[in-house]
Amino acid sequence: MTMMYKTRFLPNTRIDVADALRGIAVAGIILYHSVEHFNIFTQEEILHSLPSDQAVADVLAWLLSGKMYGIFAMLFGLSFFIMNDNQQQKGRNFSGRFAWRMCLLFMFGIVNVAFYDGDILMLYACYGLLLIPMSYLPSWAVWCVIVLLAIQPVELYCLLTGYEIDHTRFYEISGIINSAHEHGSFWENTVTNLRYGFEVNLRFNVFSGRLTQLLCLFILGMQLGRQRLFYNEGRNLQIWHSILFCSAPGIISLIFADFGELESWLKPISNLVILLMIVSAVVSAWYAFEGVRKVLHHLCIFGRMSLTNYLLQSVIGCFIFCGYGLGCYNKLGITYAVLVGLAMVICQYSFARYWFSAGPSGKPRHPRGPLEGLWRKLTWIKKD
C-alpha cells in the first residue's frame with residue numbers, strides 16, 4: 001500500500017472551466033454581500049424597500065450563501081495541487097514556497113479586512129497551510145479525511161453529547177463592528193475591522209458550521225486535482241453526471257425539509273449538496289454544449305482576476321453601504337441592493353475585460369490580474 005502520494009507526471013494544462021467556476025463564485029459573493037449590505041444588519045427603517053425583498057433574500061440565501069465561498073475554497077485546493085504537482089515533476093519540494101505564499105495571502109487579507117470585516121483571505125491562508133501535510137497522504141487516506149470533515153463532526157458531537165458552544169463573544173463583537181459600520185468614520189471602521197475582523201470570522205465559521213466544511217472543500221479540491229476530474233478525460237463526465245443526478249433529487253427534498261433540532265448539523269451538509277450540484281451542473285454543461293462555453297467564457301475572464309475582484313468588491317461595496325460613504329445600508333432594500341451588486345459585477349467585469357484585452361501588439365495587455373501578478377512575483381521571489 002502506498003504510504004505517500006507521488007506525482008504521476010501528467011501535464012497540468014490550464015482548466016478553463018475552473019476559471020469559469022471562480023468567476024461564478026466571485027460574482028455570487030458580490031451579490032450576496034450586497035444582500036447583506038456588506039455585513040450591516042441595521043435595526044433602522046429602510047427608506048426604499050419593495051415587496052419582493054424577502055423573496056429575493058430567501059432565493060439568494062438558498063442559492064449563494066455558504067456555496068460561493070465553498071466553491072472558492074474547493075478551487076483553492078485545486079490550484080494548490082496543480083502548483084505542487086508541477087514542482088514535484090521538476091523534482092522540487094513546494095511546501096516551503098507554499099507556506100510563504102500563504103503568508104502573502106494573509107497579508108492581502110489584512111489589507112482587505114481594513115475595508116470589509118467579512119474577509120476570508122486570512123482564514124483561507126490558515127486553512128491552506130493544512131494542505132501541506134495533506135498533500136503527502138495517499139488518496140485513500142485523503143478520502144477518509146474528506147468524509148470525516150463532510151459529516152460535520154463538531155456539530156454532530158454537540159448533537160450527540162448535548163454540548164453547546166457559547167457564541168456570546170461572537171454576538172458581542174458583531175454588534176461592535178455593526179455599530180462602527182453604521183455610525184463610525186472610515187478610520188474608526190478600519191481600526192474596528194483590524195481589531196475584530198479575524199476573530200469574528202473565525203467565530204462565524206464555528207457558528208455556521210463552516211469550520212470543518214471549508215477545510216473539507218480545500219482538501220476535496222486537491223483530491224479532485226489528483227483524480228483530474230476537471231479535465232474531459234476517461235469517465236470523468238459520467239462521474240459529474242452521476243453527482244448531478246444524485247444531488248438534484250436530494251436538493252428538491254431539502255427545499256421542503258424542516259430540520260428542526262438538527263438544523264445546526266444538517267444545514268451545512270445541505271449547503272454542501274447544493275454546492276456539488278452547482279459545480280457538477282457547470283462542469284457537465286461546459287463540456288457538453290459549445291454555447292454554454294461561449295457564455296461562461298466571460299466568467300473565465302472574471303475568474304482569472306478573482307483575488308483582485310474580491311478586494312475591489314470590499315472597497316467599493318463598503319463605500320456604498322457603510323455610514324462613512326454613501327450610507328446605503330438604511331436607504332436600499334434587498335432588491336435594490338442586489339441591483340447595486342449586479343452593477344458592481346458588470347463594472348468589475350468591464351475592468352477585467354479591458355485588463356486582459358489585446359494591446360497594440362495584438363498580445364494580451366497583461367497575463368494575470370494586478371494582485372494575481374503581484375502574488376505570483378512575490379511567491380517566486382528568489383532567496384539570495
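Rules used in this analysis
- Position numbers for residues count from 1 along each chain, tracking the sequence in the order it is written.
- Given that the model is predicted, a residue must reach a pLDDT of at least 70 before its local features are reported, and side-chain atom pairs must reach 80 or more before they are shown or counted; all residues, however, enter totals for whole chains, interfaces and linings.
- In computing side-chain properties, one takes all heavy atoms of the structure into account and sets aside hydrogens as well as water.
- Each helix corresponds to a stretch of at least 4 residues labelled H or I by DSSP, and each strand to a stretch of at least 2 residues labelled E; elements are numbered beginning at the N terminus.
- The globule rule used for comparison is 2.2 Å times the number of residues to the exponent 0.38, while the radius of gyration itself is calculated over C-alpha atoms.
- Classification of residues uses two cut-offs on accessible area relative to the type maximum, computed with a 1.4 Å probe and protein chains only: under 20% is buried, over 50% is exposed, and between them is partly exposed.
- Working definition of accessibility: Shrake-Rupley area with a 1.4 Å probe, residue cover restricted to the visible protein chains.
- The positive count covers Lys and Arg only, the negative count covers Asp and Glu only, and His and the chain ends enter neither.
- The location of each charge is read from NZ of Lys, CZ of Arg, CG of Asp or CD of Glu.
- Pairing of aromatic side chains requires ring centres within 6.5 Å, counting the rings of Phe and Tyr and the six-membered ring of Trp. Pairs whose planes differ by under 30 degrees are stacked, by over 60 edge-to-face, and all others tilted.
- Geometrically, a lysine NZ or arginine CZ counts as sitting over a ring once it is within 6 Å of the ring centre and also within 35 degrees of the ring normal.
- What we call a nonpolar core is a set of buried Ala, Val, Leu, Ile, Met, Phe, Trp, Tyr and Cys residues that are connected through their side-chain atoms within 4.5 Å.
- Any two residues having at least one pair of non-hydrogen atoms within 4.5 Å are treated as being in contact.
- Each reported salt bridge corresponds to a side-chain nitrogen of Lys or Arg within 4 Å of a carboxyl oxygen of Asp or Glu.
- A fitted line through C-alpha atoms serves as each axis, taken over the contacting stretch for helices, and the angle formed by two N-to-C directions is quoted from 0 to 180°.
- Charged residues are taken to be Asp, Glu, Lys and Arg, nonpolar residues to be Ala, Val, Leu, Ile, Met, Phe, Trp, Tyr, Cys and Pro, and polar residues to be all remaining types, Gly included.
- Angles below 35 degrees are treated as roughly parallel, those above 145 as roughly antiparallel, those between 65 and 115 as roughly perpendicular, and all remaining angles as oblique.
- Crossings are assigned a handedness: left-handed for a near helix turned anticlockwise from the far helix by less than a right angle, right-handed for a clockwise turn.
- pLDDT measures how confident the predictor is about each residue, on a scale from 0 to 100.

Asks: Run through the overall build of the protein, naming residues and quoting values.
Replies: The helix and strand inventory of the protein stands at 17 helices and 0 strands. At 21 Å, the protein has a C-alpha radius of gyration in line with the 21 Å of a compact globule built from 384 residues. With respect to the three principal axes, the spread of C-alpha positions in the protein is 60 × 60 × 50 Å. Each of the 384 residues in the protein was classed as buried or not, and the buried ones make up 51%. When the accessible area of the protein is evaluated, it comes to approximately 18600 Å², of which 66% is carbon and sulfur surface. One way to put it: in the protein the 29 positive side-chain charges average out to a point 19 Å from where the 24 negative ones average out.

Asks: Now, about the packing of aromatic side chains: what can you tell me, with residues and values included?
Replies: One pass over the full model with this rule turns up 26 aromatic pairs. Summarising the aromatic geometry, the rings of phenylalanine 170 and phenylalanine 204 are spaced 6.1 Å apart at their centres and angled 35° between planes, so their arrangement reads as tilted. Residue phenylalanine 170 is found in helix α9 (residues 168-183), and its partner phenylalanine 204 is found in helix α10 (residues 186-208); the two are separated by 34 residues along the sequence. Taken together through their ring pairs, the aromatic side chains of Phe72, Phe76, Tyr124, Tyr127, Phe218 and Tyr310 make up a single cluster. In this structure, arginine 226 is placed above the aromatic ring of tyrosine 5, and the distance from its NZ or CZ to the ring centre is 3.9 Å. Above the plane of the ring of phenylalanine 356 lies arginine 304, whose end atom (NZ or CZ) is 4.1 Å from the centre.

Asks: Describe in detail the nonpolar core, supporting the description with residues and values.
Replies: The nonpolar side chains of a soluble globular protein tend to be buried with one another. Grouped together as the largest cluster of nonpolar side chains are 104 residues, with contacts concentrated most on Ile71, Phe98, Leu105, Tyr124, Ile219, Phe230 and Val279. Ignoring sequence-local partners within four residues, the contact set of isoleucine 219 consists of Leu131, Met134, Val142, Val145, Ile146 and Leu149. Counting residues in each nonpolar core, the second largest holds 5 residues, with Phe170, Ile177, Tyr196 and Val200 among its members.

Asks: Explain the pattern of salt bridges residue by residue, including any values.
Replies: Under the defined criterion, the tally for this structure stands at 7 salt bridges. With a closest N to O distance of 3.0 Å, arginine 22 and aspartate 19 form a salt bridge. Placement of both arginine 22 and aspartate 19 in helix α1 (residues 16-35) is noted, with a separation of 3 residues, approximately one turn of the helix. Overall, aspartate 19 belongs to the buried group, its relative accessible area being 3%. Each member of the salt-bridge network shares a partner with another, and the members are Arg169, Glu172, Glu199 and Arg203.

Asks: Could you give me a rundown of the packing of helix α5 (residues 121-129) against α10, with the residues and numbers involved?
Replies: Running from N to C, α5 and α10 cross one another at 65°; their axes reach a closest spacing of 9 Å. Touching Met122, Leu123, Cys126 and Tyr127 of α5 are Phe198, Asn201, Leu202 and Asn205, all from α10. Of the residues in the contact of α5 with α10, the class split is 6 nonpolar, 2 polar and no charged.

Asks: Could you give me a rundown of the packing of α5 against helix α11 (residues 210-227), with the residues and numbers involved?
Replies: At their nearest, the axes of α5 and α11 sit 10 Å apart, and the two run at 60° to each other. Judged by the inter-axis angle, α5 sits oblique to α11. Seen along the crossing, α5 lies across α11 with a hand that is right-handed. Where α5 abuts α11, its residues Tyr124, Tyr127 and Gly128 lie against Arg210, Leu211, Leu214, Leu215 and Phe218. The residue makeup of the contact of α5 with α11, split by class, is 6 nonpolar, 1 polar and 1 charged.

Asks: Before we move on, could you go through the environment of leucine 104 and cite the residues and values that matter?
Replies: Tracing the chain through its elements places leucine 104 in helix α4 (residues 95-113). For the pair formed by leucine 104 and methionine 122, sequence separation is 18 residues and the distance between their alpha carbons is 9.6 Å. Contacts of leucine 104, omitting those with residues within four sequence positions, involve Trp375, Leu378 and Thr379.

Asks: A description of the confidence of the model for the protein should follow, citing residues and the corresponding values.
Replies: Any region with low pLDDT has predicted coordinates that should not be read closely. Summarising the model, the protein shows a mean pLDDT of 94, and 99% of its residues fall at 70 or more. Looking across the protein, the model is least confident in helix α12 (residues 236-255), with a mean pLDDT of 86, and most confident in helix α15 (residues 306-321), with 98.

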